[in-house]
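Structural features, examined
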Amino acid sequence: DARQVLRRAARVVGWDDESDGAESTATASTAGEFVDLGSGMGKMVTCAALTGLFARSRGVELLPELHDEASAALETFYERVRDAGTSVECSISLSLGNLLTFDVSNADVIYIHATCFTPELLNATAMKLANECKSGTRVLIMSKQLPEGWVFEAFDGGYMALAQPQTHWKLDCWMYEVRRGSSSS
């Protein structure tokens, strides 16, 4: 599930060391930024915010209809949080726009559900990430792969097959870390 993928990315960064039973030392003020490129209804952006692993969780969606629905759902979410007398420590934002022009320079974890990406969009996205991401950024991409050995190196085995509750098929999740030489970091 989404939490499993996010926790695995965070564990490798050192924010959450669930594997040895240690408590997470991350707080919302130190955990960094999650970005969803092609955020659709905003579910991953909200899920990432609720993990407590990130200070900021942002998404960008190209389709106005999806963005409008996501924005309305986020407002409903905040109303319910307020009604429950609680709060969410993570800043959540959803933007309408093109993922190729969306700022990812401060992202610590980037999520991309790329099932519908054309080869051209996938290549343009890879170029964008290679040029803009800081060294150490984790990239989680569903159903497509990025070119390894350039700046994208597999981390934590590089791959997860995620069960989907509605089918017996699994969804491929490729996991990368942006790595640069010391002169590029």
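Just above, that's the structure.
Throughout what follows, the structure given in this document is the object of discussion. (Residues numbered from 1 in each chain as written. Predicted model: local features only at pLDDT ≥ 70, side-chain atom pairs only at ≥ 80, totals over all residues. Heavy atoms only, no water.)

A short note on the sheet that holds strand 5 (residues 138-142)
Strand order in the open sheet formed by seven strands is 3-2-1-4-5-7-6, and the pairing between neighbours is mixed. A strand with exactly one partner marks an edge of an open sheet, and here the two such strands are strand 3 (91-96) and strand 6 (152-163). Strand after strand, the sheet turns through a mean of 15° between neighbouring axes, direction not considered. In this sheet, strand 7 (residues 170-178) lies alongside strand 5 in antiparallel orientation, the contact comprising five bridges. (Pairing = 2+ DSSP bridges. Helix = DSSP H or I, 4+ residues; strand = E, 2+ residues; numbered from the N terminus. Axes fitted to C-alpha atoms, helices over the stretch in contact; angles between N-to-C directions.)

What about the side chain of Arg58?
Secondary-structure assignment places Arg58 in strand 2 (residues 56-61). Side chain to side chain, Arg58 and Glu33 meet in a polar contact 3.2 Å long. Beyond its immediate stretch of four places on either side in the chain, Arg58 contacts Glu33, Phe34, Val35, Asp36, Val45, Ser93, Phe102, Asp103 and Val104. (Polar contact = N/O pair within 3.5 Å; in protein donor to acceptor, adjacent residues only side chain to side chain. Contact = heavy atoms within 4.5 Å.)

A look at helix 3 (residues 64-83)
The terminal C-alpha atoms of helix 3 lie 28 Å apart, and with 20 residues this matches the ideal 28 Å at 1.5 Å per residue to within 8%. Buried within helix 3 are the following residues: His67, Ala70, Leu74, Phe77 and Val81. All buried residues of helix 3 lie within an arc of 80° about the axis, which places them on one face of the element. Across from the buried face of helix 3, at angles greater than 90 degrees, the exposed residues are Glu65, Arg80, Arg82 and Asp83. A positive phi of about 75° marks Gly85, the residue just after helix 3. (Expected span 1.5 Å × (residues − 1). Buried < 20%, exposed > 50% of the residue type's maximum accessible area, 1.4 Å probe, protein only. Arc of directions from axis to C-beta.)

Brief notes about the environment of Met127
With respect to the helices and strands, the residue Met127 is situated in helix 4 (residues 119-132). Residue classification places Met127 among the partly exposed residues on the basis of a relative accessible area of 43%. Separated by 19 residues in the primary sequence, Met127 and Leu146 have C-alpha atoms spaced 9.9 Å apart.

Here we look at the pairing of strand 4 (residues 109-113)
Most of strand 4 is tucked away, with four of its five residues classed as buried. In this structure, strand 1 (residues 33-37) lies alongside strand 4, joined through three bridges in parallel fashion. Residue pairing in the sheet places Phe34 in a bridge with Val109 of strand 4. In this fold, strand 4 hands off to helix 4, which returns the chain to strand 5; that crossover is right-handed. (Right-handed = clockwise from strand over helix to strand, strands pointing away.)

Digging into the environment of Ile112
Its location among the elements puts Ile112 in strand 4. Sequence spacing of Ile112 and Ser143 is 31 residues, and the spatial spacing of their C-alpha atoms is 9.2 Å.

Some points on the layout of surface pockets
The computed volume of the largest pocket comes to approximately 870 Å³. In this structure, the largest pocket is lined by 32 residues; those nearest its centre are Asp36, Gly38, Met44, Tyr111 and His113. Mapped by element, the contributors of at least two residues to the lining of the largest pocket are helix 1 (2-13), helix 2 (43-50), strand 2, strand 4 and strand 6. Residue composition of the lining of the largest pocket, by class: 18 nonpolar, ten polar and four charged. (1 Å grid on protein atoms, 1.4 Å probe; cavity = no way out; pocket = protein on both sides within 12 Å on 5 of 7 lines; lining within 4 Å. Points joined across faces, edges and corners; volume = space filled by probe spheres on them. Nonpolar A, V, L, I, M, F, W, Y, C, P; charged D, E, K, R; others polar.)

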